[in-house]
Amino acid sequence: MAADKKPLDLSSLVIPQHVAIIMDGNGRWARRRGLPRAAGHRAGAENLRRIINACVEFGIKILTIYAFSTENWGRPEQEIKALMKIFARVLDQEIDDLHAQGVCLHHLGELTGISPSLQEKVRRAIDLTKDNDRLILNVAFNYGGRAEILHAVKHMVADGIEADDLTEELFNSYLFTSGLPDPDMVVRTSGELRISNFLIWQAAYAEYYPTPALWPDFGREELYEAIVAFNQRERRYGVLPE
Ligand code: IPE
Ligand code: IPE
Ligand code: MG
């Protein structure tokens, strides 16, 4: 363990298997420093590295991150360009390290609409890391929960599925998260108290953890605090406690 890392006691904690994060607040982080928004997105990308390391350290098995929503296409062209450039650079510079670390990359969302060169990088990264099993990293990119549900329904109709055969389990298998357990906890940074079209089906019973920290400031210790808070929750799923 690096000398600058604060020792954190995980021994008495239940570690959530699947953590999902709405990485919000990059723009405000930059504005508070008098920097352009792109600098906030770059700081956010660097922070992702720290959080991936922390997930591996804590034994979280699945991390899902909201990187770019279907609604984010409505932002100014300059901002979208800066974000795409950062995603491409992260894929170029980090994928070998992530692979060595045992990270298996998945994409949630549609590749259509993304530039062909970025699509190719995503496909290559997924293929390179497909057999890794230390941490599954789902990157929700060009992702929206409603678009995902529509995508699933269209494919079910195309497959000729009859209404009587439709179950929640079958529906799950048509989502981008097919085969993965639902998130146990959804973290949202930057103090916003909304779900913004993220995993609206899968997070039905996730524990919601909003935090005022802006995404570039949400580090290993903040993730630990989120896990501590998760351990104080009682998950009831609509039934009465014993
Ligand atoms: C989150 O930060 C990153 C993306 C949505 C891509 P924001 O860019 O939304 O930052 P704020 O909310 O403006 O501070
Ligand atoms: C949600 O953040 C999307 C991502 C973090 C990628 P937004 O900043 O886009 O959400 P709103 O606009 O505040 O709801
Ligand atoms: Mg935002």
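Once a new chain begins, its residue numbering starts again from 1 and follows that chain's sequence as written. Working convention: letters from A go to chains and numbers from 1 go to ligands, in the order in which they are written. In view of the model being predicted, local features appear only for residues whose pLDDT reaches at least 70, and side-chain atom pairs are presented and counted only at 80 or more, with totals across whole chains, interfaces and linings using the full set of residues. For the side-chain quantities, the full set of heavy atoms in the structure was used; hydrogens and water were omitted.

*Asks:* Summarise the overall build of the protein; cite the residues concerned and give the values.
*Replies:* Tallying secondary structure elements over the protein gives seven helices and six strands in all. For the purposes of this entry, the term helix denotes a DSSP run of H or I that reaches at least four residues, the term strand denotes a run of E that reaches at least two, and both are numbered from the N terminus. For the protein, the α and β elements follow one another from N to C terminus as β-α-α-β-α-β-α-β-α-α-β-β-α. The globule rule is 2.2 Å times the number of residues to the power 0.38, and the radius of gyration it is compared with is taken over C-alpha atoms. Taking 2.2 N^0.38 as the reference for a compact globule, 242 residues should give roughly 18 Å; the C-alpha atoms of the protein span a radius of gyration of 18 Å, in line with that estimate. Across its three principal directions, the C-alpha atoms of the protein cover 55 × 55 × 35 Å. Note on exposure labels: buried denotes an accessible area under 20% of the residue type's maximum, exposed denotes more than 50%, and partly exposed covers the range between, all computed with a 1.4 Å probe on protein chains only. When the 242 residues of the protein are sorted by exposure, 50% land in the buried category. Considering only contacts within the protein whose residues lie at least 6 apart along the sequence, 77% involve residues at least 24 apart. A total accessible area of about 13000 Å² is found for the protein, and carbon and sulfur atoms account for 52% of it. Any two residues whose heavy atoms approach within 4.5 Å are treated as being in contact. Each accessible area is a Shrake-Rupley result for a 1.4 Å probe, and residues are judged covered by the shown protein chains and nothing else.

*Asks:* How would you explain the site of ligand 2 if you had to name every residue and give the values?
*Replies:* By convention in these notes, a residue is near a molecule or strand provided one of its non-hydrogen atoms lies within 4 Å of it. The immediate surroundings of ligand 2 are formed by Ile22, Met23, Asp24, Tyr66, Ala67, Phe68, Asn72, Arg75, Arg188, Arg194 and Ser196. N or O atoms within 3.5 Å of each other form a polar contact, as long as, within protein, one can give a hydrogen and the other can take it, and as long as residues adjacent in sequence are counted only when both atoms are side-chain atoms. Separating an oxygen atom of ligand 2 from a side-chain N or O atom of Asp24 is a distance of 3.2 Å. A distance of 3.2 Å separates an oxygen atom of ligand 2 from a polar atom in the side chain of Arg188. Notes on ligand 2: free accessible area 390 Å², of which the protein chains cover 78%. For the shell around ligand 2, the element with the most residues is strand S2 (residues 62-69), which contributes three residues. For the shell around ligand 2, the per-class residue count stands at five nonpolar, two polar and four charged. Three classes are used: nonpolar for Ala, Val, Leu, Ile, Met, Phe, Trp, Tyr, Cys and Pro, charged for Asp, Glu, Lys and Arg, and polar for all others, with Gly counted as polar.

*Asks:* Help me get a handle on the site of ligand 1, residues and values and all.
*Replies:* Residues in close proximity to ligand 1 total 13 residues, the closest being Asp24, Gly27, Arg28, Arg37 and Arg75. Measuring from an oxygen atom of ligand 1, one finds a side-chain N or O atom of Asp24 at 2.9 Å. Here an oxygen atom of ligand 1 sits 2.9 Å away from a polar atom, N or O, in the main chain of Gly27. Here ligand 1 has 380 Å² of accessible area as a free molecule, and 86% of this is covered by the chains. The set of elements that each furnish at least two residues to the shell around ligand 1 consists of helix H1 (26-32), helix H2 (37-58) and helix H3 (77-101). A total of three residues in the shell around ligand 1 trace back to one element, the largest contributor, which is H1.

*Asks:* How would you sum up the packing of H3 against helix H4 (residues 116-129)? Please name residues and give values.
*Replies:* The relative placement of two packed helices comes down to the angle between their axes together with the axis-to-axis distance. Axes here mean lines fitted to C-alpha atoms, for a helix over just the part in contact, with angles spanning 0 to 180 degrees between N-to-C directions. At a minimum axis separation of 10 Å, H3 and H4 run at an interaxial angle of 15°. Judged by the inter-axis angle, H3 sits roughly parallel to H4. H4 is crossed by H3, and the crossing has left-handed handedness. Two secondary-structure elements touch here, H3 through Met84, Phe87, Ala88, Leu91, Asp92, Ile95, Asp96 and His99 and H4 through Leu118, Lys121, Val122, Ala125, Leu128 and Thr129. Looking at the contact of H3 with H4, its residues break down into nine nonpolar, two polar and three charged. With respect to orientation, any angle under 35 degrees is reported as roughly parallel, any angle over 145 as roughly antiparallel, any angle of 65 to 115 as roughly perpendicular, and every other angle as oblique. Handedness of each helix crossing follows the sense of rotation of the near helix against the far helix: counterclockwise by less than a right angle gives left-handed, clockwise gives right-handed.

*Asks:* Tell me what's going on with the packing of aromatic side chains, and back it up with residues and numbers.
*Replies:* In this scheme Phe, Tyr and Trp rings, the latter by its six-membered ring, pair at centre separations within 6.5 Å, and the angle between planes marks the pair as stacked below 30 degrees, edge-to-face above 60, and tilted otherwise. For the structure shown, the criterion picks out twelve aromatic pairs. Measuring from ring centre to ring centre gives 6.5 Å for Phe68 and Phe87, while their planes differ by 80°; the resulting arrangement is edge-to-face. Taken together, the residues Phe68 in strand S2 and Phe87 in helix H3 connect sequence positions 19 residues apart. Here the aromatic rings of Tyr143 and Phe198 are separated by 6.3 Å at their centres, their planes lie at 85°, and the arrangement is edge-to-face. Of this pair, Tyr143 sits in strand S4 (residues 135-143) while Phe198 sits in the loop between strand S5 (185-188) and strand S6 (207-210); the two residues are 55 residues apart in sequence, bridging distant segments of the chain. Of the two residues, Tyr143 and Phe198, both sit in the buried class.

*Asks:* I'd like a rundown of the environment of Pro16, residues and numbers included.
*Replies:* Note that Pro16 resides in the segment before strand S1 (18-22). Since its relative accessible area comes to 1%, Pro16 is described here as buried. Taking the C-alpha atoms as reference, Pro16 lies 7.8 Å from Phe230; in sequence the two are 214 residues apart. Filtering out sequence-adjacent residues up to four positions away, Pro16 remains in contact with Ile60, Asp184, Met185, Ile227 and Phe230.

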